[in-house]
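# Reading the structure
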Amino acid sequence: MMKRKLRIGTRDSKLAVWQAEWVGAQLLKHQVETELIFIKTEGDLVLDTPLPLMGGKGVFTKALDDALFDGKIDIAVHSFKDIPTELPAGMIVAAVCERHDVRDALVVRTDSKFLEDSDYKGLIATSSNRRQAQWLKKYPNFSISDIRGNVQTRLRKLNESNWDAAIFASAGLERLGLNDIIAQKLDWMIPAPAQGAVAVTALASDTEVLEILSNINHEKTEICTKIERQFLNILEAGCSAPVGALAEFISESEIRFSGIVLSVDGTESVEINQDISLEEAGDFGKVAADLAIKMGASELLV
């Protein structure tokens, strides 16, 4: 049992706070008390610049990384998809919590009847190049509008706009109790690597904290997200790149992997779909990325 309270660093959005409190609740099951320390990140403060133009890597994490190194917090809680695939030296992902819904979700301003008209020239809001590219691949008549802010801000912007719909992560909406506003789960859209998972970072040297966090690590989620993030890393693509990856257990010893790399306009893509054994999982992200590169993925990420 840890004698002191564990200081959890988190952003202050409702979703980030939910995630941090949820991690705190898991730790409390192991007799570890926690307190939240709120930290603003670049991604929270700069809302008038599209994420891809901000570089993508670390815009939601660097301030929390700095707080860890400065000793202001003991651990940091993140949506795993926001964490760059290469962490600063001395920091590790110490726990990957059990994953929730991996899918993207469509939230409409009025209704979803527009999807029934193949000639309709609609307008969809998203700040994600991955979501944009896959939407345009399926619905080439549509246009995309950038949207930034936390979930509540984006919902408000949607309601005040002329957009037909906006795309969100299902897990985020469900964690906030907003299941009823989901018009459609986008089963055909391959999610961002590690989407739906919450991860906890800590200093590699803090052995006491690492031992505690091992109690809330979910092994299957860790294995799957490792494949997805390795796929992204080998492609040398940042969090804002039009890359999707999903690994899921289909039995106790078999994993199904789906990966996609697209041009931002969705007109070109490289797709990888393969079932692998658990024994192959360790470096399969690299194997899949190397195959995607041979199929021309690098040219799409320029």
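As a reminder, the structure under discussion sits directly above these lines.
This structure is a prediction, so every number in the text was calculated from the model and none was measured.

## Concerning helix H9 (residues 284-294)
- Every buried residue of H9 is listed here: Phe 284, Gly 285, Ala 288, Ala 289 and Ala 292. The buried residues of H9 occupy an angular sector of 135° when the element is viewed end-on, so they sit on one face.
- Contacts from the buried residues of H9 go to helix H8 (219-234), strand S12 (254-262), strand S13 (269-277) and helix H10 (297-300).
- Positive phi appears at Gly 296, one or two residues downstream of H9, with a value of about 105°.

## A closer look at the nonpolar core
- Formed by 22 residues in total, the largest nonpolar core has its most connected members in Ile 227, Phe 231, Leu 235, Val 243, Phe 257, Val 261 and Ala 292.
- Of all the secondary structure elements, the ones that give two or more residues to this core are H8, strand S11 (243-251), S12, S13, H9 and H10.
- Look past the residues within four positions of Phe 257 in its chain and what remains in contact with it is Ile 227, Phe 231, Ala 245, Leu 246, Ala 247, Ile 272, Asn 273, Gln 274, Phe 284 and Ala 288.
- Grouped together as the second largest cluster of nonpolar side chains are 18 residues, Leu 6, Val 200, Ala 202 and Val 209 included.

## Thoughts on unusual backbone geometry
- Even without being a glycine, Gln 31 presents a positive backbone phi close to 65°.
- On the secondary structure map, Gln 31 appears in the loop between helix H1 (14-28) and strand S2 (34-38).

## A word on the layout of surface pockets
- If you add up the space inside the second largest pocket, you get close to 350 Å³.
- Around the second largest pocket, the lining is made up of 21 residues, and of these Arg 99, Val 102, Leu 246, Ala 247 and Glu 248 lie nearest the centre.
- Within the residue set of the lining of the second largest pocket, elements represented by two or more residues are H8, S11 and S12.
- Considering every element that reaches the lining of the second largest pocket, the biggest residue donor is S11, with 4 residues.
- Here the lining of the second largest pocket is composed, by residue class, of 10 nonpolar, 4 polar and 7 charged.

## What to know about the pairing of S2
- In this sheet, S2 lies alongside strand S1 (residues 6-10) in parallel orientation, the contact comprising 5 bridges. In the sheet register, Thr 10 faces S2, and the bridge partner there is Phe 38.
- For the crossover that starts at S1, traverses H1 and ends in the parallel S2, the hand is right-handed.

## A few points about the pattern of salt bridges
- One pass over the structure, following the stated rule, counts 17 salt bridges.
- Across the salt bridge formed by Glu 160 and Arg 156, the nearest N and O atoms sit 3.3 Å from each other.
- Exposure remark for Glu 160: the relative accessible area of 59% places this residue in the exposed category.
- Residue class for Arg 156 comes out partly exposed when judged on its relative accessible area of 41%.
- Within this structure, Asp 101, Arg 103, Glu 174, Lys 185 and Asp 187 form a network of salt bridges that share partners.

Cut-offs and rules
Within every chain, residues take consecutive numbers counted from 1 along the sequence as written. Local features are withheld for residues below a pLDDT of 70 in this predicted model, meaning they are given only at 70 or higher, and side-chain atom pairs are given and counted only at 80 or more; totals for whole chains, interfaces and linings count all residues. Calculation of side-chain values draws on the structure's entire complement of heavy atoms; hydrogens and water are dropped beforehand. In this scheme, a residue with accessible area under 20% of its type's maximum is buried, one over 50% is exposed, and one in between is partly exposed, where area comes from a 1.4 Å probe on protein chains only. Only runs of H or I of at least four residues qualify as helices and only runs of E of at least two qualify as strands under DSSP, and these elements are numbered from the N terminus. Note that the arc is defined by the directions from the helix axis to the C-beta atoms. Contacts: residue pairs with any heavy atoms within 4.5 Å of one another. Think of a nonpolar core as a cluster: buried Ala, Val, Leu, Ile, Met, Phe, Trp, Tyr and Cys residues, connected wherever their side-chain atoms sit within 4.5 Å. Lining residues are defined by having an atom within 4 Å of a point belonging to a cavity or pocket. Those points lie on a 1 Å grid over the protein atoms alone, cavities being sets where a 1.4 Å probe fits but cannot get out and pockets being open sets with protein on both sides within 12 Å along at least five of seven lines. Grid points are joined across faces, edges and corners, and a volume is the space filled by probe spheres set on the points. Polar here means any residue other than Ala, Val, Leu, Ile, Met, Phe, Trp, Tyr, Cys and Pro, which are nonpolar, and Asp, Glu, Lys and Arg, which are charged; Gly is therefore polar. Pairing between strands requires that DSSP locate at least two bridges from one strand to the other. Here, the term right-handed applies to a crossover whose path from the first strand over the helix to the second runs clockwise when the strands point away from the viewer. Whenever Lys or Arg places a side-chain nitrogen within 4 Å of a carboxyl oxygen from Asp or Glu, that contact is recorded as a salt bridge.

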